[in-house]
Amino acid sequence: MTAQRLDGKATAALIRAEIAAEVAARTEEGETKPGLAVILVGDDPASQTYVRNKRKACADVGMNSWLHHLPADITQDDLLEDIAELDSNPGVHGILVQLPLPKHIHEEAVLHAIDPLIDVDCFHPENVGRLATGHPRYYPCTPYGVIELLRRNGHDPAGKEVVIVGRSNIVGKPLAMMMAQKKTAANPTGCDATVTITHTRTQNLADVCRRADILIAAVGKPAIITPDMVRPGAVVVDVGTNVVDGKLIGDVDPRVAEVAGALSPVPGGVGPMTITMLLLNTLRAAQQLDV
Ligand code: GUN
């Protein structure tokens, strides 16, 4: 079997066209352009690439973006001051602090300092709490991107066995919540799936993975998901972004394409979807702030 390619680039392009149309309609009515402020601390090359891609995506759909590129040795107080200044700028509808931060900065303190109304990453505890209770203000971008990639390519997770490998705050944990939640008017992204999360203490990982109708790899280890861990015909989503010898490699061994029914590539799978959902959150933030 050769797996269906879950083309994130093509799916993202469709959603970005929808966003661009909404942005254009909004500006034609005389409303402000949605605007995203990105804070990058230090010179990590991967983070610089991610931030560049996010800003280009903003420009492509007609949104404003600003980059605050701050030195790696900035103090936490100065960073918090920068966030407060952006928070008070009415043209800024979304703030994103690119992670990871340098070791001397307390990540939690920084994420808590962002106004939850413009926390388009959905990392603030108020927004995580709202998400957990089924009353989301925003959906976190990577899990949201995974779900849209599945749904828009004919793989609705409702009633399916979903196995998520990895329990990070950015992907595994929020994705598990969203997958397990009931779809309601207040929570339209709820998936009604049956969900298992695996982690470093999971026993018989391959057996658990083989239970999956939909297997999601979000570990951060190159090619850790091998063909023997995939039930023939299963849908596999690769969230991994590992740089090996300067090349971007997913968490899924490419030979899985011979077993799976569908597989998202790296690059060109979840990556473009994540950025697209960030654009959507920024548009929704602008719409909510204007009410
Ligand atoms: N670093 C890796 N993924 C993300 C993300 O989704 N948001 C932010 N702010 N930083 C990240």
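Predicted model only: the values in this text are computed from it and were never measured.

(A) Region of interest: the overall build of the protein chain. The secondary structure content of the protein chain amounts to 9 helices and 11 strands. What you see for the protein chain is a C-alpha radius of gyration of 19 Å, in line with the 19 Å of a compact globule of 291 residues. In terms of principal-axis extent, the alpha carbons of the protein chain reach across some 50 × 45 × 35 Å. By residue count, 49% of the 291 residues in the protein chain fall in the buried class. Separation between the mean location of the 27 positive side-chain charges and that of the 35 negative ones in the protein chain comes to 7 Å.

(B) Inspection of the packing of aromatic side chains at higher detail. All told, the structure shown has 1 aromatic pair when counted by the stated rule. On the numbers, 5.0 Å between centres and 55° between planes, the contact of Y139 with Y144 is tilted. The exposure classification of Y139 matches that of Y144, with both residues buried.

(C) Summary view of a negative patch on the surface. On the surface, D77, D78, E81 and E85 cluster together to form a negatively charged patch. Positionally, D78 belongs in helix α3 (residues 76-87). Using a relative accessible area of 42% as the deciding quantity, one classes D78 as partly exposed.

(D) Just the sheet that holds strand β6 (residues 194-198), in detail. If you walk across this open sheet you meet the 6 strands as β1-β11-β8-β7-β5-β6, and the pairing is parallel. Two strands bound the open sheet, and with one partner strand each, they are β1 (4-5) and β6.

(E) Fine view of the environment of L79. As for its placement among the helices and strands, L79 is situated in helix α3. According to the relative accessible area criterion, L79 is buried, its value standing at 0%. Leaving out residues up to four positions away in the same chain, L79 has contacts with I39, V41, L70, I74, L101, I105 and V110.

(F) The arrangement of the nonpolar core in detail. One finds I19, M179 and I216 to be the most contacted residues of the largest nonpolar core, which totals 50 residues. Take this core: its biggest share by element is 9 residues, from helix α9 (residues 270-290). Listed in part, the 19 residues of the second largest apolar core include A37, V97, L111 and I114.

(G) Expanded view of the side chain of N242. Here N242 lies in strand β9 (residues 242-244). Accessibility expressed as a relative area gives 8% for N242, which makes it buried. Side chain to side chain, N242 and D251 meet in a polar contact 2.9 Å long. Beyond its immediate sequence surroundings of up to four residues, N242 is in contact with G220, K221, P222, K247, L248, I249, G250 and D251.

(H) Inspection of the environment of M229 at higher detail. By the secondary structure assignment, M229 is in the loop between β7 (214-217) and β8 (235-238). Separated by 52 residues in sequence, M229 and N281 have C-alpha atoms that sit 34 Å apart. Among residues more than four places away in sequence, those in contact with M229 are L205, A206, C209, R210, L215 and I224.

(I) Spatial organisation of the site of the ligand. Every residue near the ligand is listed here: L96, V97, Q98, L99, D121 and F123. Between the ligand and Q98 there is a distance of 3.4 Å, counted from a nitrogen atom to a side-chain nitrogen or oxygen. L99 places a main-chain nitrogen or oxygen 3.0 Å from a nitrogen atom of the ligand. Coverage of the ligand by the protein chains reaches 81% of its 280 Å² of free accessible surface. Of the residues belonging to the shell around the ligand, the class tally is 4 nonpolar, 1 polar and 1 charged.

(J) Representation of the pattern of salt bridges. Here the structure, examined in full by the defined rule, presents 9 salt bridges. The residue E22 makes a salt bridge to R284 at a minimum N-O spacing of 3.1 Å. You can see E22 sitting in helix α1 (residues 8-28) and its partner R284 sitting in helix α9, a full 262 residues away along the chain. Given the relative accessible area of 32%, E22 is considered partly exposed. Notably, a salt bridge pairs R152 with E148, separated by 2.9 Å at the nearest N-O pair. Salt bridges here are not isolated pairs; linked through shared partners, they connect E18, E148 and R152.

(K) Broad picture of the sheet that holds strand β2 (residues 35-41). The strand order across the open sheet built from 3 strands is β3-β2-β4, with neighbouring strands paired in parallel fashion. This sheet does not close on itself; its edge strands, each paired only once, are β3 (64-70) and β4 (94-97). Between one strand axis and the next, the sheet turns through 15° on average, direction left out of account. In this structure, β2 lies alongside β4, joined through 4 bridges in parallel fashion. Bridge pairing links L36 to G94 in β4. On the sheet, α3 packs against β2, β3 and β4 and is oriented at approximately 175° with respect to β2.

Procedures and definitions
Along each chain, numbering runs from 1 in the same order as the chain's sequence is written. Only residues with pLDDT of at least 70 are given local features in this predicted model, and only at 80 or more are side-chain atom pairs given and counted; all residues enter the totals for whole chains, interfaces and linings. Derived side-chain values reflect all non-hydrogen atoms in the structure, with water molecules and hydrogen atoms excluded from consideration. A helix here means a DSSP run of H or I that spans at least four residues, while a strand means a run of E at least two residues long, and both kinds are numbered starting from the N terminus. To get the radius of gyration, use the C-alpha atoms; to get the globule rule, take the number of residues to the power 0.38 and multiply by 2.2 Å. Only protein chains enter the accessibility calculation, which uses a 1.4 Å probe. A residue is then buried if its area is under 20% of the maximum for its type, exposed if over 50%, and partly exposed in between. Charge counting follows a simple rule: Lys and Arg are positive, Asp and Glu are negative, and His as well as the terminal groups are ignored. A single reference atom marks each charge: NZ on Lys, CZ on Arg, CG on Asp, CD on Glu. When the centres of two rings from Phe, Tyr and Trp lie within 6.5 Å, Trp using its six-membered ring, the rings pair. Their planes under 30 degrees apart give stacked, over 60 give edge-to-face, and anything left gives tilted. Every patch collects residues that have over 30% relative accessible area and no salt bridge, joining them within 9 Å if they carry like charges and within 5 Å if they are nonpolar side chains (Val, Leu, Ile, Met, Phe, Trp, Tyr). Per-residue and other accessible areas were derived by the Shrake-Rupley procedure at a 1.4 Å probe size, with only the shown protein chains allowed to occlude residues. For salt bridges, the criterion is a side-chain nitrogen of Lys or Arg within 4 Å of an Asp or Glu carboxyl oxygen. We treat two strands as partners when DSSP finds at least two bridges between them. Contact definition: two residues touch when any of their heavy atoms are within 4.5 Å. Remark: nonpolar core denotes a set of buried residues (Ala, Val, Leu, Ile, Met, Phe, Trp, Tyr, Cys) joined through side-chain atoms within 4.5 Å. Pairs of N or O atoms within 3.5 Å make up the polar contacts considered here, provided that, within protein, one atom can donate a hydrogen while the other can accept it, and that residues adjacent in sequence are counted only when both atoms are side-chain atoms. We call a residue near a given molecule or strand whenever any one of its heavy atoms falls within 4 Å of it. Polar here means any residue other than Ala, Val, Leu, Ile, Met, Phe, Trp, Tyr, Cys and Pro, which are nonpolar, and Asp, Glu, Lys and Arg, which are charged; Gly is therefore polar. Here an angle of 0 to 180 degrees is reported between the N-to-C directions of two axes, which are lines fitted to C-alpha atoms, with helices fitted over the stretch in contact.

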